[in-house]
Amino acid sequence: MAGLSPSERRLQKELMSLMKEPPPGVVVDVDLAEQNILQWIIQMEGVSGTLYEGEQFQLQFKFSRKYPFDSPEVTFIGANIPVHPHVYSNGHICLSILTDDWSPALSVQSVCLSIVSMLSSCKEKKRPPDNAFYVKTCNKNPKKTKWWYHDDSV
């Protein structure tokens, strides 16, 4: 790992950890991550016994050179964006640890666990009430959105 920046070293460690001990239903595309350590694709499967049981999702993680002091940009991508009160149809996720509550102590694994938990606790598949307006007017980077966290029940 000689010649790697501190953020790249941290990401290499996290990649190895995620390969060895992934959360249930979570698989990182190792080949893509090794080609570009600053952008990962993670496959996620809906947990059995939940509204998303058996569904397959893809998350894209983009890391800046300031990681882990700067949070990753995390979005759902692909054909199956989960219908969830905190997930917009463009894949943006309203989750406080991705912005305001980010800490360098968090990791890709902890973000994945939080997203799995968020999906698993959902009681009704529906989009956020402002989905249409947000998708038309939002910044391409969800980290530039000033989220209003008001609902911890889903």
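Everything numeric in this text was worked out from a predicted model, so none of it was measured.

A. Here's a closer look at the environment of V108. Structurally, V108 can be placed in helix α3 (residues 108-120). Note: C-alpha distance between V108 and S17 (91 residues apart in sequence) is 9.7 Å. Setting aside chain neighbours within four positions, we find V108 in contact with E14, L18, W40, I42, F61, F63 and Y67.

B. Looking closely at the sheet that holds strand β2 (residues 39-45). On the basis of which strands lie adjacent, the open sheet formed by four strands has the order β1-β2-β3-β4 and antiparallel pairing. Edge positions in the sheet fall to β1 (26-28) and β4 (73-77), since each has one partner strand and no second. Pairs of neighbouring strands in the sheet enclose a mean axial angle of 25°, with direction left out of account. Pairing of strand β3 (residues 56-62) with β4 involves five bridges; the strand directions are antiparallel. Looking at β4, one finds that K62 is bridged to E73. Helix α1 (residues 6-20) rests against β1 and β2 of the sheet, and its axis sits at about 20° to β2. With respect to the sheet, α3 is in contact with β1, β2, β3 and β4, its orientation differing from that of β2 by roughly 35°.

C. Structural view of the environment of P85. Counting through the fold element by element, P85 comes out in the loop between β4 and α3. A C-alpha to C-alpha distance of 7.1 Å links P85 and K125, two positions 40 residues apart in sequence.

D. Inspection of α1 at higher detail. In this model, α1 (15 residues) spans 21 Å end to end at C-alpha, consistent with the 21 Å of a helix rising 1.5 Å per residue. Listed in full, the buried residues belonging to α1 are S7, E8, L11, E14, L15 and L18. Buried residues along α1 cover an arc of 120° about the axis, so they all sit on one side. Every exposed residue of α1 that faces more than 90 degrees away from the buried side is listed here: P6, K13 and K20. The inward-facing, buried residues of α1 contact β1, α2 (30-35), β2 and α3.

How each quantity is defined
- Residues numbered from 1 in each chain as written.
- Predicted model: local features only at pLDDT ≥ 70, side-chain atom pairs only at ≥ 80, totals over all residues.
- Heavy atoms only, no water.
- Helix = DSSP H or I, 4+ residues; strand = E, 2+ residues; numbered from the N terminus.
- Contact = heavy atoms within 4.5 Å.
- Pairing = 2+ DSSP bridges.
- Axes fitted to C-alpha atoms, helices over the stretch in contact; angles between N-to-C directions.
- Expected span 1.5 Å × (residues − 1).
- Buried < 20%, exposed > 50% of the residue type's maximum accessible area, 1.4 Å probe, protein only.
- Arc of directions from axis to C-beta.

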